[in-house]
Amino acid sequence: MTTPPKQAPKSAHDRLLDAAATLFYSDGITATGIDTIVKRAGVAKKSLYNNFSSKADLVASYLEQRHAEWLMLYETRLRQATNTHDKVMAVFLAYEDHAEHAYERGFRGCGLLNAAAELPAGDAGRAVVRGHKEQVEALLAQHVSDMLGDNPQRAAQLAHHLAFLLEGAMARAGLEGRSDCLRQAQGMAAAMLKAL
């Protein structure tokens, strides 16, 4: 019987980011102190400042990581899409996949929006969140445009409606702690697309 190869231990950077991601999502950014992150990561406090210039830098890395996680989920769903309708639904399904992740203390909604709610106006982290939301709407617009052909104004308007439907469903799903609202939003979106 062969034993699987041992994985290299995670770097202090990755352990800190993993610990911060879990704690920020579960408890919030403001409620999570540096000492709690360091303890959970199992590293010396100096390691945090060797890898991140500040807590704000760690928060920015967390937000970028959340965005990258969602993009990977979306790309996986997009590879499974066989037509333009499925490509629109891939956006919704990626949100559902993110919602159904095994979070330590349960699903609390969009981690990016939760973070943005804690950050002051003008904070760079809010720009990261806004960039993610704008990218999601742009993906929807691209797929809807492919469906509609030569009507970019209508495609942009429908993508805007779909993005609002998706964000509303995500907010409600976070309040309820489950992804049912996202499945309902998928059904609504599918009906909107079928009516085209």
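About the criteria used
Residues numbered from 1 in each chain as written. Predicted model: local features only at pLDDT ≥ 70, side-chain atom pairs only at ≥ 80, totals over all residues. Heavy atoms only, no water. Helix = DSSP H or I, 4+ residues; strand = E, 2+ residues; numbered from the N terminus. Buried < 20%, exposed > 50% of the residue type's maximum accessible area, 1.4 Å probe, protein only. Contact = heavy atoms within 4.5 Å. Areas by Shrake-Rupley, 256 points an atom, 1.4 Å probe, with all protein chains shown as cover. Lys, Arg positive; Asp, Glu negative; His and termini not counted. Charge placed at Lys NZ, Arg CZ, Asp CG, Glu CD. Phe/Tyr/Trp six-rings, centres within 6.5 Å; stacked < 30°, edge-to-face > 60°. Core = buried A, V, L, I, M, F, W, Y, C linked by side-chain atoms within 4.5 Å. Disulfide = S-S within 2.5 Å.

Participant: Looking at this structure, how should I read the overall build of the chain?
Facilitator: If you tally the helices and strands in the chain, you get nine helices and zero strands. In sequence order, the secondary structure elements of the chain are arranged as α-α-α-α-α-α-α-α-α. Dimensions of the chain, computed from the C-alpha atoms along their principal axes, are close to 60 × 55 × 30 Å. Looking at the 196 residues of the chain, the share that counts as buried comes to 40%. Contacts in the chain between residues far apart in sequence, at least 24 positions, make up 66% of those at least 6 positions apart. Carbon together with sulfur atoms contributes 54% to the accessible area of the chain, which is approximately 10,800 Å² in total. Of the side-chain charges in the chain, 22 are positive and 22 negative, and the distance between the mean point of each set is 5 Å.

Participant: Before we go on, may I ask you to explain the packing of aromatic side chains in this structure?
Facilitator: The description of an aromatic ring pair rests on the distance of the ring centres and on the angle between the ring planes. Across all of its chains, the model carries five aromatic pairs by this definition. With centroids separated by 5.4 Å and ring planes inclined at 75°, the aromatic side chains of Phe-24 and Tyr-62 adopt a geometry described as edge-to-face. Placement of Phe-24 in helix α1 (residues 12-27) and of Tyr-62 in helix α4 (residues 55-80) is noted, with a sequence separation of 38 residues between them. Note on accessibility: Phe-24 and Tyr-62 belong to one class, buried. For the pair Trp-70 and Tyr-95, a centre-to-centre distance of 5.5 Å together with 70° between the ring planes defines the contact as edge-to-face. Taken together, the residues Trp-70 in helix α4 and Tyr-95 in helix α5 (residues 84-99) connect sequence positions 25 residues apart.

Participant: Would you explain the nonpolar core in this entry?
Facilitator: Ranked by internal contacts, the top residues of the largest apolar core, which has 59 residues, are Ile-37, Leu-63, Trp-70, Phe-92, Leu-140 and Leu-162. Contributing elements (two or more residues each) for this core: α1, α2 (34-41), α4, α5, α6 (111-118), α7 (124-148), α8 (152-176) and α9 (180-194). Of all the elements, α8 adds the most residues to this core, at 10 residues. Excluding residues within four positions of it along the chain, Ile-37 makes contact with Leu-16, Ala-19, Ala-20, Leu-23, Phe-24, Thr-32, Leu-48 and Leu-58.

Participant: What's the story with the state of the cysteines in this structure? I'm lost.
Facilitator: A covalent bond between the sulfur atoms of two cysteines is what we call a disulfide. What the rule picks out here adds up to zero disulfides. No disulfide involves Cys-110; its sulfur sits 14 Å from the nearest other cysteine sulfur, which is in Cys-181. Looking at Cys-110, the relative accessible area reads 10%, which means it is buried.

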